[in-house]
Amino acid sequence: MAETESILSNLNPEQLRAVTHGKGPLLIVAGAGTGKTTVLTRRIAWLIATKAARPEELLALTFSDKASREMEERVDALVPYGYAPVNILTFHAFGQRLFEEHALRLGLAPDAKVLSGAPLRLFLKKHLFELPLKKFRPLANPDRHVADLIQHFSRAKDEAITPEDYLKVARADAASAVSEAELGSAAEQLELAEAYQAYDAILHREGFMDHGDQLMLMLRLLRQEPLVLEKTRQEFPWILVDEFQDTNTVQFELIKLLAPPGTRDNLTVVGDDDQAIYRFRGASLANILDFKAAYKNAETVVVTKNYRSKQDILECAHRLIQFNNPERLEARENLDKRLQAVATPANPDISGQAVFYQVFDQLSSELADLSSRISQAVAEGKRSWRDHAILVRSNSGAEAVIQELNYRGIPSRFSGARGLYRQSEIRLCLGFLRALANPHDNLVLFEFLVGEVYRTPVSDLKALLFRASALNKSLYQLVTRTDLTRAGEDTELDPEAFERVEKALSDLARFEQLAREKGVAAALYQFLTESGVISRLLAKNGAALPAAERQVSNLARFFEKIKVYDQVEKSGSYLSVIGYLDALIEEGDDPPASEAELDADAVSVSTVHMAKGLEWPVVFVVGLEDQHFPTSRRGSGLNLPASLGPQIHDERAHHIAEERRLYYVAITRAQQELRLSYARDHGGKKLWKRSPFLQETLNLGKDEAPALKLSQAEKLHRHATSDGHPLKEPLQIALPGEPLRLSYYPIDDYLTCPLKYKIAHGLRLKPPATFSITYGNVMHKAVQEFNKAGMEGRPFSLEDLKKAYTEGWRSEGFYSREHEEERFQNGLKRLESFYEDEKNAQPRRQPIGVESRFEFKISPLDSVSGRMDRVDRDADGRVTVCDYKTSNVHDVKKAESEVAKSLQLAIYALAWRGSHGVLPDLVELYFLESGIRQSLKPDQAYIEAKEAEIKLAFKGIREARFEAKPDFQTCKFCAYGQICPDSAAL
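Now for a description of the structure that goes with this document.

### Here we look at the overall build of the chain
Looking only at helices and strands, the chain features 41 helices and 22 strands. For the chain, whose C-alpha radius of gyration is 32 Å, the value lies close to the compact-globule estimate of 30 Å for 986 residues. Seen through its principal axes, the chain has C-alpha atoms that stretch 100 × 70 × 65 Å. For the chain, the residues scored as buried account for 53% of the 986 residues in total. For the chain, contacts bridging at least 24 residues in sequence account for 77% of all contacts bridging at least 6. A distance of 2 Å separates the average location of the 128 positive side-chain charges in the chain from that of its 141 negative side-chain charges.

### Things to note about the nonpolar core
In this structure, Phe446, Phe448, Leu524, Leu528 and Phe558 are the most contacted members of the largest nonpolar core, which totals 99 residues. Here this core takes nine residues from helix α19 (residues 424–437), the largest share from any one element. Ignoring any residue separated from it by four or fewer positions in sequence, one finds Phe448 in contact with Gly431, Phe432, Ala435, Tyr454, Ala504, Leu508 and Phe527. Counting residues in each nonpolar core, the second largest holds 46 residues, with Val29, Phe91, Ala160 and Val269 among its members.

### Things to note about the sheet that holds strand β13 (residues 412–415)
Pairing between the strands of a sheet is mediated by backbone hydrogen bonds and can be parallel or antiparallel. The six strands lie next to each other as β11-β16-β15-β12-β14-β13, forming an open sheet whose pairing is parallel. Only two strands of the sheet have a single neighbouring strand rather than two, namely β11 (355–362) and β13. Across the sheet, the axes of successive neighbouring strands diverge by a mean angle of 20 degrees, strand direction being ignored. Strand direction decides the pairing type here: strand β12 (residues 388–392) and strand β15 (residues 616–621), joined by four bridges, are parallel. Within β15, the position partnered with Ile390 by the bridge is Phe620.

### Section: the packing of α19 against helix α25 (residues 520–530)
With their axes 11 Å apart at the nearest point, α19 and α25 run at an angle of 120 degrees to one another. In terms of their interaxial angle, α19 and α25 are classed as oblique. Along this stretch, α19 crosses α25, giving a crossing that reads as right-handed. Taking contact as the criterion, the partners of Leu428, Cys429, Phe432, Leu433 and Leu436 in α19 are, on α25, Val520, Ala523, Leu524, Phe527 and Leu528. Of the residues contributing to the contact of α19 with α25, the split by class is 10 nonpolar, no polar and no charged.

### Quick notes on the packing of helix α35 (residues 771–792) against helix α37 (residues 817–840)
Running from N to C, α35 and α37 point in directions that differ by 30 degrees, and their axes come no closer than 11 Å. In this view, α35 runs roughly parallel relative to α37, as classed from their interaxial angle. Handedness of the crossing formed by α35 with α37: right-handed. When α35 is examined against α37, the residues Phe771, Tyr775, Met779, Ala782, Val783, Phe786 and Asn787 are found in contact with a partner set consisting of His819, Arg823, Asn826, Gly827, Arg830, Leu831, Phe834, Tyr835 and Glu838.

### Observations concerning helix α20 (residues 442–450)
In an α-helix, one turn spans 3.6 residues; hence positions three or four apart end up facing the same way. Across the nine residues that make up α20, a large majority, nine, are buried. The set of residues buried in α20 consists of Asn442, Leu443, Val444, Leu445, Phe446, Glu447, Phe448, Leu449 and Val450. Elements in contact with the buried residues of α20: α19, α21 (458–470), α22 (475–480), α24 (495–518) and α25.

### Notes on the environment of Val378
When you line up the elements, Val378 lands in helix α17 (residues 363–379). Remark: the alpha-carbon pair of Val378 and Lys157, spanning 221 residues in sequence, is separated by 49 Å. For Val378, the residues in contact, after removing those within four places along its chain, are Arg383, Ser384, Trp385 and His388.

### Quick word on the packing of aromatic side chains
Going through the model one piece at a time under the given rule, you end up with 36 aromatic pairs. Here Trp809 and Phe824 contribute two aromatic rings whose centre-to-centre distance is 5.1 Å and whose plane-to-plane angle is 85 degrees, an arrangement assigned as edge-to-face. Taken as a pair, Trp809 in the loop between α36 (798–807) and α37 and Phe824 in helix α37 lie far apart in primary sequence, 15 residues in all. Judged by its relative accessible area of 12%, Trp809 falls in the buried class. Through pairs of rings, three or more aromatic residues link up here, namely Phe786, Phe796, Phe834, Tyr835, Tyr884 and Tyr926. Residue placement shows Arg393 over the ring face of Phe629; its charged tip is 6.0 Å from the ring centre. The positively charged end of Arg823 is found above the aromatic ring belonging to Tyr775, 3.8 Å away from the centroid.

### Here's the deal with the pattern of salt bridges
Tallying each qualifying case throughout the model produces 66 salt bridges. When the shortest N-O distance is used, the salt bridge between Glu512 and Arg516 registers 3.2 Å. On the criterion of helical spacing, the pair formed by Glu512 and Arg516 is a turn pair, its members being four residues apart in helix α24. Residue classification places Arg516 among the partly exposed positions, given a relative accessible area of 40%. Taking the shortest distance from any N to any O, the salt bridge between Lys756 and Asp749 comes out at 3.4 Å. Look at the salt bridges and you will find they share partners, linking Asp272, Asp273, Asp274, Arg328, Glu330 and Lys337 into a network.

### As for the side chain of Glu366
Examined against the element boundaries, Glu366 turns out to sit in helix α17. For Glu366, the side chain forms a polar contact with the side chain of Ser677, separated by 2.6 Å. Apart from the residues lying within four places of it in its own chain, the contact partners of Glu366 are Phe360, Val622, Gly623, Glu625, Ser677, Tyr678 and Ala679.

### Some remarks on α21
If you check α21, its first and last C-alpha atoms are 18 Å apart, about what 13 residues at 1.5 Å a residue would give, namely 18 Å. On its buried face, α21 sits against α20, α22 and α24. Looking one or two residues beyond α21, the residue adopting positive phi is Asn472, at roughly 60 degrees.

### Focus: the sheet that holds strand β2 (residues 58–62)
One open sheet accounts for six strands, arranged β3-β2-β6-β7-β1-β8; its pairing is parallel. Of all the strands in the sheet, the pair left with one neighbour each is β3 (87–90) and β8 (299–303). Strand after strand, the sheet turns through a mean of 15 degrees between neighbouring axes, direction not considered. Summarising the sheet, strand β6 (residues 238–241) and strand β7 (residues 267–271) pair through three bridges and their orientation is parallel. Residue Leu240 lies in a different strand from β7, and its bridge partner there is Thr268. Helix α3 (residues 36–49) contacts β1 (26–30), β2, β6 and β7 of the sheet and is inclined by roughly 170 degrees relative to β6.

### Some thoughts on the environment of Phe99
Along the polypeptide, Phe99 turns up in helix α5 (residues 91–102). Remark: the alpha-carbon pair of Phe99 and Leu905, spanning 806 residues in sequence, is separated by 61 Å. When residues no more than four places from it in sequence are discounted, the contact partners of Phe99 are Leu106, Leu108, Ala109, Pro110, Ala112, Met209 and Leu217.

### Here's the deal with unusual backbone geometry
Residue Pro326 follows Asn325 across a cis peptide bond; omega there is 5 degrees. Among the secondary structure elements, Pro326 is positioned in the loop between α15 (311–321) and α16 (329–332). A cis amide bond, omega 15 degrees, links Phe629 with the succeeding residue Pro630. Tracing the backbone through its elements, the reader meets Pro630 in the loop between β15 and α30 (651–667). Unusually for a residue other than glycine, Asn10 sits at a positive phi of about 65 degrees. By the element assignment, Asn10 lies in the loop between α1 (2–8) and α2 (13–19). Judged by its relative accessible area of 75%, Asn10 is exposed. Not every positive phi belongs to a glycine, and Ala160 is a case in point at roughly 65 degrees. Note that Ala160 resides in the loop between α7 (146–158) and α8 (163–176). The exposure class of Ala160 is buried, given its relative accessible area of 16%.

### Some details on the side chain of Arg43
Relative to the helices and strands, Arg43 is located in helix α3. One buried charged residue, Arg43, remains without a salt bridge, the closest side chain of opposite sign being Glu299 at 8.5 Å. Side-chain polar atoms of Arg43 contact the backbone oxygen of Val19, separated by 3.1 Å. Among all residues touching Arg43, those that are not within four sequence positions of it are Ala18, Val19, Thr20, His21, Gly22, Leu26, Trp238, Leu240 and Thr268.

### Observations concerning the pairing of strand β16 (residues 670–681)
Within β16, 10 of the 12 residues are buried, which leaves the element mostly enclosed by the surrounding structure. Sheet topology places β11 next to β16; seven bridges connect them, and they run parallel. In the strand pairing of β16, Gln362 is matched with Asp681. By the bridge criterion, five bridges tie β15 to β16 in an arrangement that is parallel. Counterpart to Phe620 in the pairing with β16 is Arg675.

Parameters and conventions
Residues numbered from 1 in each chain as written. Predicted model: local features only at pLDDT ≥ 70, side-chain atom pairs only at ≥ 80, totals over all residues. Heavy atoms only, no water. Helix = DSSP H or I, 4+ residues; strand = E, 2+ residues; numbered from the N terminus. Rg over C-alpha atoms; globule rule 2.2 N^0.38 Å. Buried < 20%, exposed > 50% of the residue type's maximum accessible area, 1.4 Å probe, protein only. Contact = heavy atoms within 4.5 Å. Lys, Arg positive; Asp, Glu negative; His and termini not counted. Charge placed at Lys NZ, Arg CZ, Asp CG, Glu CD. Core = buried A, V, L, I, M, F, W, Y, C linked by side-chain atoms within 4.5 Å. Pairing = 2+ DSSP bridges. Axes fitted to C-alpha atoms, helices over the stretch in contact; angles between N-to-C directions. Parallel < 35°, antiparallel > 145°, perpendicular 65-115°, else oblique. Left-handed = near helix turned anticlockwise from the far one by under 90°. Nonpolar A, V, L, I, M, F, W, Y, C, P; charged D, E, K, R; others polar. Phe/Tyr/Trp six-rings, centres within 6.5 Å; stacked < 30°, edge-to-face > 60°. Lys NZ or Arg CZ within 6 Å of the ring centre and 35° of its normal. Salt bridge = Lys/Arg side-chain N within 4 Å of Asp/Glu carboxyl O. Polar contact = N/O pair within 3.5 Å; in protein donor to acceptor, adjacent residues only side chain to side chain. Expected span 1.5 Å × (residues − 1).

Following this line, the structure appears as structure tokens:
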């Protein structure tokens, strides 16, 4: 028949066998580049064309909307015109469809909205104090475990564990626990189980579901309602599942319900265990490995003809993945999965060398080499920009790559989890919404005022900020209060600039009222409309400019996320939007930016996860250092009870195996040329070693190849920048020949990140008070009063200590009244412990200095000043300089590390030497939250090392060198991350 001939044309024998399989279960093991989608779509078309199944009887389940669309388009092109559409859906879309049809049977509203990602985090934060939490809602940082809790509850649902099942097991384990370790573990599990039950109840009570509910509720429905199960089975007698290696436990349970093994099992699953890279999302590799244990009569077809890559690339990939044996289908089922390259018009030459490896001395050398190769290939007409992809293990690894391409003027597009929020049009929205929610925050108001809408000069804002600081007022107060405004006339501010500021704040007040009445999305839309941003983009889009199309698409997607915020808040509140925005950024976005760019002629920069399913003629896999790829394992540490979830005995080995599969995916994206590289020096003290995956891929010996070095001219080139961000404008803080005096915090800020110093101390942009700062200040003041009394020989009772604490309390920055009350009571308990420690301390030490002022020279013009928390002398005359900390340190080793790296203590030691000629006998940190005292004897080497750091800060400030030092972990906790143009956490 001509129809089936067309469907079966150009299939190789393995593909043909899979497509024409008759009834019964079928496992198709399709390796990278073997035409997996072709096999699946042609099997659907073949079943329809041969009348084995009607189109509406087929249910194809995928993992993304994009995959569903692609399969639909291919099936439409293959089957005759007029056939009814095939049900090609994502798992969650199928679950949602069943839920909406049968919601009342589940006791829920059919219009319940699904929350995931940042909206779900916002929801949990909003209801955090309704959950029965203790350990997992620490006072020092109540929402510290929010993301971990959501992940844990999601994992439970992925494993088909109901709150009732979890609670039953947790109570049983608590009742049977005997040892201290068992009691501790059982208490944790009981807290998590009770929190899971409360979370689920609150979620459903408020008319929401999470992502896991779409499948868990469907499983519950089908198990509890035999009539619904039978109806669904009859509706879909043929089921096909794409990317089966990425299914989780609940999905496989659903499949087995709908296609019961040995009876009504017309089931086709397609997958590749070597490309299972989503364990962090709950995927279970065991599903594909053990498929034939569930479906014993299943036929297996292994598709190995590769239509993508040269044979050299495939040989390297196969050599690598063997190290995951025996936990692979190839080893367990005695299959031959070795991929064989097939010549195609797009890739006619499949022989010869295609894999190249190089080690570099520095990261800058690695990046310069790849950008030079790309530029040269394009200049010679051999390649286009879009022919190249640069793959990195994580988002943080992409930052330097993108900067390098920008320096070179190479067009690029980034596919990673935070791409959307780096776009200028989205940063404009973020700045507006932060200012809307908290105009008294100088940081967010600064970003709003210097942005592209109001364009207030930084120099003028600096004058206003200095005046506001002198009056101890916020910038908002200075401009909006008439008495302060007139008092600020001596700033000689440019009248036009002042008018811009006044108009901006007037506009903000109007938008605030609109947000209160109609929601945040309405206020944002009005701001973008009045400012002309939308009209300018639409005009450019009408001219068919790709960049404008991308920006409009990005804005549309961002608006959808803000609408979800309005739905969660319900009351029209805009005050929580900052936390929501921060969660959005931390959560990332998938896909990260508009898909309008995919056809643009630009180099692709992508994380490996985002690159799955794609291919390029030339692929660079960079950053192949040990601990970068594979990464050091990081996890929440929240595990399910042993009797409920699959237990992994060697977590490290499983992590490395998953990382190896991820690396396998990376190298099999390359069609004609694969370049692997790493750099020994990334700018820190550590020299990095090569990834063990390089050894496994290339069969390298122990000796490393010589490292390529960057020329001096290239090094100079990399420092060139065209960034026009207002925070990058030159700023001279210390004039030549004039003295410069710094305290600890400015010095530490400069050493952490020079741009942070410029923002905080050059522009005097102070972040708003947080509860941790409030709490720390109050505790310090109370302890200070105690120490003063001790130094002066005055009696000071525990009640006096508590009184000083209570009178100094401030209600600033707390999450809620419940949080403030818990924090207040905790402080009282900690002061009781402190009082007892001091009363019983041995040997006895007498305070001889409390909050003592000091100043010492670090050079003829440079000096360091400050105050010492406390100086003690014991009976033997030994001097100890002490600094108090309220940071949450409960481990002695952590305390030792904190003391060793404390620049504050080193400054105290230098100050004591400056005034007394000798170093103190000890420097000490007292951690008030745990009662740990940790000391160190400062020697000459210690002092010289710290002194060199201090001098480095003075030198950089005098030379006005305020370049950023982006690092993901540092930027993540930086108060200025939301306005910094170089933040690695965006």
